[in-house]
Amino acid sequence: MAENSFCIFNKKVIYNNLSKEYGINMMSCEICKSDVKILTVGKSPISGYTCKTIDESLSQPSFEMNLLACPNCSMVKYQWFDEAEAILDRLYSGHFATYYFTKKMSEYMNSFIDSLSSKYNLNKDSSILELGCNSGRMLNMFREKINCTTLGVEPSKTFNSTWKDMNIEVINDYFGESVAETLKDKNFDLIYFRHVFEHIPDPVSFIKSVASVASNDSIVVIEVPYLASVINNKRIENISYSHLNYFTIQSIDAIATKYNFGIIDFQLVETDGGSIVVHLQKNKTTNPDIIDNITISNVSELVSHISNAKDLMLSNLGKYDKQEVIGYGAGAKGQHLLHILGLEEYVSYVIDDTPELKGSYIPGTSVEIKSLDQVDRNVVKAVINLIPTHAEAIKEKLAGQFEFIDPINI
Ligand SMILES: [Zn+2]
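Residues numbered from 1 in each chain as written. Predicted model: local features only at pLDDT ≥ 70, side-chain atom pairs only at ≥ 80, totals over all residues. Heavy atoms only, no water.

S.K.: Please explain the pairing of strand β8 (residues 219-225) as it appears in this structure.
M.R.: In summary, the side chains of a regular strand alternate between the two faces of the sheet. In terms of burial, β8 is a largely internal element, 7 of the 7 residues being buried. Bridge analysis of strand β7 (residues 190-194) against β8 gives 5 bridges, and the strand direction is parallel. In the sheet register, Y192 faces β8, and the bridge partner there is V221. Handedness of the crossover joining β7 and β8 through helix α8 (residues 203-213) is recorded here as right-handed. In the sheet, β8 pairs with strand β11 (residues 275-282) via 6 bridges, with the strands oriented antiparallel. (Buried < 20%, exposed > 50% of the residue type's maximum accessible area, 1.4 Å probe, protein only. Helix = DSSP H or I, 4+ residues; strand = E, 2+ residues; numbered from the N terminus. Pairing = 2+ DSSP bridges. Right-handed = clockwise from strand over helix to strand, strands pointing away.)

Below, the structure written as structure tokens:
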């Protein structure tokens, strides 16, 4: 996962627009207006926040999670629920970091900066804009490497002192039409956003705002989980409701061409279980040979994999008493796995390394979040890995003390 675990933009305005739009025309693709196919993931509470008490947790609503898949442009997104707005608001404003900042991630960020700087001749005269800049770490790295001018946009209120310490300029707001309006006279050589686009309720409006800031020379770089990789790697933990959108090259191109962008390059990368980095520029035409071909039956196979994984888990867990099994990882993906695989009745609690989560509950369940030092090693025999992207690190940490059960990396 990128440094920004949760990022959402202009959500109040867009939610209202979407509610209206979906109220009238709920089941058509927002990009190409074709009729969409509905794929049912199952009824589940929303993942990615926590509750202070068990009573509060058990009172949290569940939703029918429906993926809307477009047969024409291959856009896949979750059906919107107005009732989810308050919960998502809570999820994004709570903003607990569920990522590990690993050496691998740091190397990835370095190579991202180096390759863009060399490909597009970025230097001290360049101006770079990051949307969803989170702590500002990457902008700071850009500045340290090439001494360029940087600007970030980030709605979270938790990073002000970090930005100040690094002397990074950040507009502390949601990116959308009004922020775009204030930036339109600036000339950015590079505009990028990493692991942001999947969270945006209205990705078409978002690109419209990006297009209003980008000049003909600006390079726009988007890093986002790649639907083909999610499908190929069977990353069912990746399809929680906090990821509202699932992109292919075809669907990104379909949005981009609405605003006169073409895809000039792309790379497949390993972040977040398989992502894609897409480079756009205005007045360019996408090479039709790069358009991928993800079908509804491919998406449907991914959804069916949930029940396979569930069967496998239950056959692994049958030999244990509930008190002998715990989960590891209470972030959005871990919670989502717990819900869709029906693990609540098999685990006694879930541990997490984020200290702020200790003592709280996973919404919609009676599952408490504890810290690793609270684990009674005389009782617990098996740990279910609920952070599949960090399986090796967690396995190493547990050092063979428990049976390690991984629902994804099997
Ligand atoms: Zn479509």
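S.K.: Before we go on, may I ask you to explain the sheet that holds β8 in this structure?
M.R.: Sheet strands line up and pair through hydrogen bonds in the backbone, either parallel or antiparallel. A sheet is described by the order of its strands in space; here 7 strands give the open sequence β6-β5-β4-β7-β8-β11-β10, paired in mixed fashion. Each of the sheet's edge strands pairs with one partner strand only, and the pair in question is β6 (170-171) and β10 (261-269). Where β10 meets β11, 8 bridges bridge the pair, whose relative direction is antiparallel. When the bridges of β11 are listed, Q267 appears paired with V277.

S.K.: In this structure, what is going on with the nonpolar core? I would like to understand it.
M.R.: As a rule of thumb, soluble globular proteins bury nonpolar side chains together. Of all hydrophobic cores here, the largest spans 97 residues; its most connected members are F175, F193, F197 and Y241. Membership of the second largest hydrophobic core comes to 26 residues, among which are M138, M141, I146 and Y192. (Core = buried A, V, L, I, M, F, W, Y, C linked by side-chain atoms within 4.5 Å.)

S.K.: Help me understand the coordination of the zinc ion in this model?
M.R.: As a benchmark, a tetrahedral metal site with four donors has ideal angles of 109.5 degrees, while an octahedral site with six donors has ideal angles of 90 or 180 degrees. Within the protein, the atoms that donate to the zinc ion are C29 (SG), C32 (SG), C70 (SG) and C73 (SG), at distances of 2.3 Å. Classification of the site at the zinc ion as tetrahedral follows from its 4 donor atoms and the range of 98 to 121° in their angles at the metal. Written as a sequence motif, the donor arrangement for the zinc ion is C-x2-C-x37-C-x2-C. Remark: C70 occurs in the loop between β2 (62-69) and β3 (76-78) and C32 occurs in the loop between α1 (11-25) and β1 (37-45); sequence separation between them is 38 residues. (Donors = N, O, S within 2.8 Å, 3.2 Å for Na, K, Ca; no water. Tetrahedral: all angles 85-135°; square planar, octahedral: opposite > 155°, others 65-115°.)

S.K.: Mind showing me how you'd approach the sheet that holds β2 here?
M.R.: The 4 strands are arranged β1-β2-β3-β9 in an open sheet whose pairing can be described as antiparallel. Two strands in the sheet have a free side with no partner beyond their single neighbour: β1 and β9 (245-246). Across 2 bridges, the pairing between β3 and β9 is antiparallel. Bridge pairing in β9 links V76 to Y246. Contacts from helix α11 (residues 296-317) reach β1, β2 and β3 within the one sheet, and its direction differs from that of β1 by about 25°. (Contact = heavy atoms within 4.5 Å. Axes fitted to C-alpha atoms, helices over the stretch in contact; angles between N-to-C directions.)

S.K.: Please clarify how the pattern of salt bridges should be interpreted in this entry.
M.R.: Pairing is possible between side chains of opposite charge, provided their charged atoms come close. Counted under the stated rule, the structure contains 12 salt bridges. Measuring nitrogen to oxygen at the nearest pair gives 3.0 Å for the salt bridge that ties E223 to R194. Pair noted here: E223 is in strand β8 and R194 is in strand β7, with a separation of 29 residues, a long-range link. Grouping residues by exposure puts E223 and R194 together as buried. The shortest N-O distance in the salt bridge between D353 and K397 comes to 3.0 Å. Separated by 44 residues along the polypeptide, D353 in the loop between β13 (349-351) and β14 (369-370) and K397 in helix α13 (residues 391-398) bring together distant segments of the chain. (Salt bridge = Lys/Arg side-chain N within 4 Å of Asp/Glu carboxyl O.)

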